[in-house]
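# Descriptive analysis of the structure
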Amino acid sequence: MATQTNTIAGACVDAGGSALGMPQLCAEWMPNQIFWLIVTLIAIFFVMSRIALPRIGAILAERSGTITNDIAAAEDFKNKAAEAETAYEQALTDARAKAQEIIAKAKAEIQADLNVALQKADAAIAAKAAESEAAIGEIRDSAIKNITEVATDTAKELVLALGGTADATTISAAVNARMKG
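Residues numbered from 1 in each chain as written. Predicted model: local features only at pLDDT ≥ 70, side-chain atom pairs only at ≥ 80, totals over all residues. Heavy atoms only, no water.

### Some thoughts on helix 1 (residues 30-161)
Of all bends in helix 1, the biggest is about 45 degrees, found at Met-48. Two residues or fewer after helix 1 comes Gly-163, characterised by a positive phi angle close to 95 degrees. (Bend = angle between axes of the 7 residues up to and from the residue. Helix = DSSP H or I, 4+ residues; strand = E, 2+ residues; numbered from the N terminus.)

In structure tokens:
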């Protein structure tokens, strides 16, 4: 039996069928390589344009939509937070105003109560002062009467002790004249 060997010899292949140098750089094979390169690129283009790129585009669109929705929601929350802060500040201002109003009202009530108490105290003091003045007046009148009696009795006793005659009207007139100054 005989074996048949194909010997293809050319610029890129030796007699044994081995490539000479780098097959990719062989000028005889360039048209074949360019054909398959174009076929492969067209196949890759169709696969990418029909399958991969629409999926990637859909994912990017979904992400873009999600990001846009998230930014819109964040903006909405920011606006709500600003509104809540404004409402809080307004409530705080209202509470402070109400507290000032309550304080002013309490001060007015306390001042009114204080004025009433002062008026009562002044009236009580005036009444006590009037009573004291009346008591002092009575004591003064009583003291003057007692002093006049003592002075009259003493003058009478002195006149008698000195050997004179004690006339009651003369002694009373002398004591009264002396008491008047």
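### A closer look at a nonpolar patch on the surface
The grouping of Leu-37, Leu-41, Ile-44, Met-48, Leu-53, Ile-56 and Leu-60 at the surface amounts to a nonpolar patch, some 650 Å² of accessible area in total. Looking at the element boundaries, Leu-53 is found in helix 1. (Patch = residues over 30% accessible without salt bridge, like charges linked within 9 Å, V, L, I, M, F, W, Y side chains within 5 Å. Areas by Shrake-Rupley, 256 points an atom, 1.4 Å probe, with all protein chains shown as cover. Salt bridge = Lys/Arg side-chain N within 4 Å of Asp/Glu carboxyl O.)

### What to know about the packing of aromatic side chains
The tally for this structure, following the rule as stated, stands at two aromatic pairs. Seen from their ring centres, Phe-35 and Trp-36 are 5.1 Å apart, and the 75 degrees between their planes marks the pair as edge-to-face. The exposure class of Phe-35 is partly exposed, given its relative accessible area of 47%. Ring geometry for Phe-45 versus Phe-46: centroids 5.7 Å apart, planes at 65 degrees, classification edge-to-face. The exposure class of Phe-45 is exposed, given its relative accessible area of 52%. Taking the relative accessible area as the measure of exposure, Phe-46 reaches 41% and is therefore partly exposed. (Phe/Tyr/Trp six-rings, centres within 6.5 Å; stacked < 30°, edge-to-face > 60°. Buried < 20%, exposed > 50% of the residue type's maximum accessible area, 1.4 Å probe, protein only.)

### Let's talk about the packing of helix 1 against helix 2 (residues 168-180)
The geometry of helix 1 relative to helix 2 is characterised by a closest axis approach of 9 Å and an angle of 130 degrees between their N-to-C directions. Regarding the angle of helix 1 to helix 2, the classification is oblique. Both helix 1 and helix 2 take part in a crossing whose hand is right-handed. Residues Ile-144, Ile-147, Thr-148, Ala-151, Thr-152, Ala-155 and Lys-156 of helix 1 pack against Ile-171, Ser-172, Val-175, Asn-176 and Met-179 of helix 2. Looking at the contact of helix 1 with helix 2, its residues break down into seven nonpolar, four polar and one charged. (Axes fitted to C-alpha atoms, helices over the stretch in contact; angles between N-to-C directions. Parallel < 35°, antiparallel > 145°, perpendicular 65-115°, else oblique. Left-handed = near helix turned anticlockwise from the far one by under 90°. Contact = heavy atoms within 4.5 Å. Nonpolar A, V, L, I, M, F, W, Y, C, P; charged D, E, K, R; others polar.)

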